[in-house]
Amino acid sequence: MAAAAVDSAMEVVPALVEEAAPEAAGLSCLVNLPGEVLEYILCSGSLTAADIGRVSSTCRRLRELCQGSGKVWKEQFRVRWPSLMKHYSPTDYVNWLEEYKVRQKAGLEARKIVASFSKRFFSEHVPCNGFSDIENLEGPEIFFEDELVCILNMEGRKALTWKYYAKKILYYLRQQKILNNLKAFLQQPDDYESYLEGAVYIDQYCNPLSDISLKDIQAQIDSIVELVCKTLRGINSRHPSLAFKAGESSMIMEIELQSQVLDAMNHVLYDQLKFKGNRMDYYNALNLYMHQVLIRRTGIPISMSLLYLTIARQLGVPLEPVNFPSHFLLRWCQGAEGATLDIFDYIYIDAFGKGKQLTVKECEYLIGQHVTAALYGVVNVKKVLQRMVGNLLSLGKREGIDQSYQLLRDSLDLYLAMYPDQVQLLLLQARLYFHLGIWPEKSFCLVLKVLDILQHIQTLDPGQHGAVGYLVQHTLEHIERKKEEVGVEVKLRSHEKHRDVCYSIGLIMKHKRYGYNCVIYGWDPTCMMGHEWIRNMNVHSLPHGHHQPFYNVLVEDGSCRYAAQENLEYNVEPQEIFHPDVGRYFSEFTGTHYIPNAELEIRYPEDLESVYETVQNIYSAKKENVE
């Protein structure tokens, strides 16, 4: 009977929504239904927020059912933005109508800012204070972030420029939040030993768009602990570690009982779950991210040691981290509690080497050199994180393909958050930003900033005055060049000096010699690089030398290259180019070519028509031949 009432009412609702003056009989039929049935109808998903607004204005009964804090608006909010529901507690009083309005407004603001970024920052990287508009936004930050995620999740190969800048903004917002959390974490006392928490902050900062949380990583480790307990139960069913509750920090003191835990751990980690040190791909940043260590079940000594240490401590074995040179280790005390100990009273554990237990002599054999006793000492959380970030910094300096140097930038930010007075790293950061062309929006702000850095470094190390002075001079020269810029350079294919240009922006090409796939995002009638580049790239050996058109291309491997026309050819099987900067230049991939965004089209206004002609001639002809 209730189902019949619902079916009957569902037929009435559309009439109420669509007609300005519903018939009295239909309205009476609806409002006389039980409240639960009416709520079920209004929450069925067939009505939009506008529909609910109109329904609630028909009579007092429906207005009361559609009150802001009720189920109807909660369901509207949940259906529209499901990912936000995790931020609300079931016991909280929430005016869902007001939340809906605030979230809607935040979404409109987010889209407005994203739309403005391409016009403002097309010609250069987003500057240091380019995100100031975002920092001054009103309303909950989670609403703004949610809209950015919605843009990134838009289906299809359209809105590429929106996605490009939404990703940059979201990256910045999350990194700022994580960096603030890390700085607060570093203010903890030295005896605060949450190594895993610090490692997760590093992981989150370098992967801000991934869904990484300490809670999730801890849950994965807890599942490993359960497997260890199962194995331990087979060794010693009365082992005290089996009685530990989640979150308990008890330690067991008997060496034999500790040894049983470590034996069970080694069996589960290395034999059952197949964790291992990554010897084949050692210099991969993924080896340092804890969520990737758990997914891929491999890492380097420091990340494997942190996993091993966390599990051991949860089971009552007080292992300690040792910042051993070239190979991070853990130490396990074998001496009596309260006794004076030296380095020979410990066994050293190599988590990278399947939990192998080493003596002092074997540790030195491991790295092939003798070390002082001080290097066998325990280190605090900050020193462990310093080593992790130092590893990332080294990897960032090795970057070749990623011309944005994102890993180097991230690791510099992290290192300077821990040690803000590192002069050489401050200089490296300044040089890197100048190299990438990341300038504050207002040149005067940059001068003040650099002068502040100069004064700060001069205080720390007077010997660095010359280096920073050079950077100041470089900055002032940049400001003068910016003043001389007269606007956007427009390149017309119809111009006489461009008559030899055969290809257009947006076309998918193939390099004849190296075989890589790429998309053209710019061209010059002749090579515009300097004599040194021309000589180093052996351009003179080409049949047409540097007196031929050259093209800026985004390559499928993530690099950006400058290719001679004679080295390029049409890709007869065009495919999407997954390059991080595609969205900076193009708004859509059609399946055969890319469509330039508004800013790129301004610079090459006649290219799009040429692209259409090329696509028609090349790909349509190929299709006809196949048929």
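Cut-offs used in this document
Per chain, the residues get numbers from 1 upward, laid out in the order the sequence is written. Given that the model is predicted, a residue must reach a pLDDT of at least 70 before its local features are reported, and side-chain atom pairs must reach 80 or more before they are shown or counted; all residues, however, enter totals for whole chains, interfaces and linings. Side-chain numbers here rest on the full set of heavy atoms in the structure, without hydrogens or water. Under the DSSP-based scheme used, a helix requires at least four consecutive residues in state H or I and a strand at least two consecutive residues in state E, with every element numbered from the N terminus. Exposure is judged per residue with a 1.4 Å probe applied to protein chains only, and the accessible area is read against the type maximum: over 50% gives exposed, under 20% gives buried, and values in between give partly exposed. Method for areas: the Shrake-Rupley scheme with a 1.4 Å probe, in which residue coverage is limited to the protein chains shown. Only buried Ala, Val, Leu, Ile, Met, Phe, Trp, Tyr and Cys residues count toward a nonpolar core, and they belong to the same one when joined by side-chain atoms within 4.5 Å. A contact between two residues is defined here by any heavy atoms of the two lying within 4.5 Å. The predictor attaches a confidence to each residue, and that confidence, scored 0 to 100, is pLDDT. A pair of strands is treated as paired once DSSP finds two or more bridges between them. Every angle, taken between N-to-C directions, lies between 0 and 180 degrees, and every axis is a line fitted to C-alpha atoms, over only the stretch in contact when it is a helix. Counted as salt bridges are all cases of a side-chain nitrogen of Lys or Arg within 4 Å of a carboxyl oxygen of Asp or Glu. Within 6.5 Å between ring centres, the rings of Phe, Tyr and Trp (the latter by its six-membered ring) count as paired, and their orientation is classed by plane angle as stacked under 30 degrees, edge-to-face over 60, tilted in between. Should the NZ of a Lys or the CZ of an Arg lie within 6 Å of a ring centre and within 35 degrees of the ring normal, that charge is described as sitting over the ring. Here, the arc refers to the directions that run from the helix axis to the C-beta atoms. In what follows, roughly perpendicular refers to angles from 65 to 115 degrees, roughly parallel to angles under 35, roughly antiparallel to angles over 145, and oblique to any angle outside these ranges. Crossing handedness is defined as follows: a turn of the near helix away from the far one that is anticlockwise and smaller than a right angle gives a left-handed crossing, while the clockwise case is right-handed. Residue classes follow a fixed rule: Ala, Val, Leu, Ile, Met, Phe, Trp, Tyr, Cys and Pro count as nonpolar, while Asp, Glu, Lys and Arg count as charged, and any other residue, Gly among them, counts as polar. In this tally, Lys and Arg are treated as positive and Asp and Glu as negative; His is ignored, and so are the chain termini.

Examining the overall build of the protein chain
Stage number 1. Helices and strands together make up the secondary structure of the protein chain, namely 25 helices and 13 strands.
Stage number 2. Expressed as a percentage of its 627 residues, the buried residues of the protein chain come to 47%.
Stage number 3. Accessible surface, the protein chain: about 32,700 Å² in total, of which carbon and sulfur atoms supply 51%.

Here we look at the nonpolar core
Stage number 1. Met265, Phe275, Tyr308, Ile311 and Leu319 are the most contacted members of the largest nonpolar core, which totals 78 residues.
Stage number 2. Beyond its immediate stretch of four places on either side in the chain, leucine 319 contacts Leu262, Tyr308, Leu309, Ala312, Arg313, Leu330, Arg331, Trp332 and Ile349.
Stage number 3. In terms of nonpolar packing, the next biggest core, distinct from the first, is built from 31 residues, Val553, Val555, Phe589 and Leu600 among them.

Section: the confidence of the model for the protein chain
Stage number 1. Residues at a pLDDT of 70 or more form 82% of the protein chain, whose mean pLDDT is 86.
Stage number 2. When mean pLDDT is compared element by element in the protein chain, strand S2 (residues 298–299) scores highest at 98, while helix H1 (residues 2–18) scores lowest at 45.
Stage number 3. Taken together, the stretch residues 1–23 has pLDDT below 50 and engages in 24 contacts with residues farther than four places along the chain or on a different chain.

Thoughts on the sheet that holds strand S8 (residues 517–524)
Stage number 1. Pairing is antiparallel in the open sheet, where 5 strands are placed in the order S10-S9-S8-S7-S11. Of all the strands in the sheet, the pair left with one neighbour each is strand S10 (560–564) and strand S11 (568–570). Direction aside, the axes of adjacent strands within the sheet are offset by 50 degrees on average.
Stage number 2. Across 5 bridges, the pairing between strand S9 (residues 550–555) and S10 is antiparallel.

Thoughts on the pattern of salt bridges
Stage number 1. Taken as a whole, this structure holds 16 salt bridges when the rule is applied.
Stage number 2. Aspartate 146 serves as the salt-bridge partner of arginine 103, at 3.0 Å between the closest nitrogen and oxygen. Of this pair, arginine 103 sits in helix H7 (residues 96–121) while aspartate 146 sits in helix H9 (residues 141–152), and the two are 43 residues apart along the sequence.
Stage number 3. Ionic pairing is found between glutamate 496 and arginine 499, a salt bridge with its closest N-O pair at 3.1 Å. Each member of the pair, glutamate 496 together with arginine 499, is exposed.
Stage number 4. Within this structure, Arg103, Arg111, Asp146 and Glu147 form a network of salt bridges that share partners.

Things to note about the packing of aromatic side chains
Stage number 1. Counted according to the given criterion, the structure contains 25 aromatic pairs.
Stage number 2. Ring geometry for phenylalanine 77 versus tryptophan 81: centroids 5.3 Å apart, planes at 65 degrees, classification edge-to-face.
Stage number 3. One aromatic cluster is present, formed by Trp73, Phe77, Trp81, Tyr88, Trp96, Tyr100 and Phe143 through successive ring pairs.
Stage number 4. Geometry around tyrosine 419 places lysine 382 over its ring, the cationic atom sitting 4.8 Å from the centre.

Digging into the sheet that holds strand S3 (residues 320–322)
Stage number 1. The 4 strands lie next to each other as S3-S4-S5-S6, forming an open sheet whose pairing is antiparallel. Pairing within the sheet leaves two strands with one partner each, and these edge strands are S3 and strand S6 (356–358). For this sheet, the mean inter-axis angle between neighbouring strands, taken without regard to orientation, is 40 degrees.
Stage number 2. Summarising the sheet, S3 and strand S4 (residues 329–333) pair through 3 bridges and their orientation is antiparallel. Bridge pairing in S4 places valine 322 opposite leucine 329.
Stage number 3. Across the sheet, helix H15 (residues 301–314) touches S3, S4 and strand S5 (346–350), and the angle it forms with S4 is around 30 degrees.

Re helix H16 (residues 360–367)
Stage number 1. When we look at burial in H16, the residues that qualify are Val360, Cys363, Glu364 and Ile367. On an axial view of H16, the arc spanned by its buried residues comes to 95 degrees, and they lie on one face. Residues of H16 that are exposed and point more than 90 degrees away from the buried face comprise Lys361 and Tyr365.
Stage number 2. Looking at the residues trailing H16, positive phi occurs at glycine 368, about 75 degrees.

Section: the pairing of S5
Stage number 1. With 4 of 5 residues buried, S5 lies mostly within the body of the structure.
Stage number 2. Pairing analysis gives 4 bridges linking S4 to S5, with the strands arranged antiparallel. By the bridge assignment for S5, arginine 331 is matched with tyrosine 348.
Stage number 3. Both S5 and S6 contribute to a ladder of 3 bridges, which runs antiparallel. By the bridge assignment for S6, aspartate 350 is matched with lysine 356.
Stage number 4. With antiparallel pairing between neighbouring strands as the criterion, S5 and S6 make up a hairpin whose turn holds 5 residues, including lysine 354 at a positive phi of roughly 60 degrees.

Structural notes on the packing of helix H4 (residues 49–56) against helix H6 (residues 71–80)
Stage number 1. Two elements in contact, H4 and H6, have axes whose closest approach is 10 Å; the angle formed by their N-to-C orientations is 165 degrees. Viewed along their axes, H4 and H6 adopt a mutual orientation that is roughly antiparallel. Every pair of crossing elements has a handedness; the one defined by H4 and H6 is left-handed. Where H4 abuts H6, its residues Ala49, Ile52 and Gly53 lie against Val72, Trp73 and Gln76.
Stage number 2. A breakdown of the residues in the contact of H4 with H6 according to their chemical character gives 4 nonpolar, 2 polar and no charged.

Focus on the pairing of S4
Stage number 1. Among the 5 residues of S4, 4 are classified as buried, and the element is accordingly described as predominantly covered.
Stage number 2. Here S3 folds back onto S4, and the loop between the two strands holds 6 residues, one of which, serine 326, carries a positive phi near 70 degrees.

Considering the side chain of glutamate 197
Stage number 1. When you line up the elements, glutamate 197 lands in helix H11 (residues 195–206).
Stage number 2. For the buried glutamate 197, which has no salt bridge, the nearest side chain bearing the opposite charge is arginine 313, at an N-O separation of 12 Å.
Stage number 3. Those residues in contact with glutamate 197, other than ones at most four positions away along the chain, are Phe185, Tyr192 and Leu214.

Let's talk about unusual backbone geometry
One can expect most non-glycine residues to show negative phi and most peptide bonds to be in trans.
Stage number 1. Notably, alanine 159 is not glycine yet its phi reads approximately 55 degrees, a positive angle.
Stage number 2. Residue placement: alanine 159 occurs in the loop between H9 and helix H10 (160–186).
Stage number 3. A positive phi angle, close to 65 degrees, is found at lysine 274, a residue other than glycine.
Stage number 4. Examined against the element boundaries, lysine 274 turns out to sit in the loop between helix H13 (255–272) and strand S1 (276–277).

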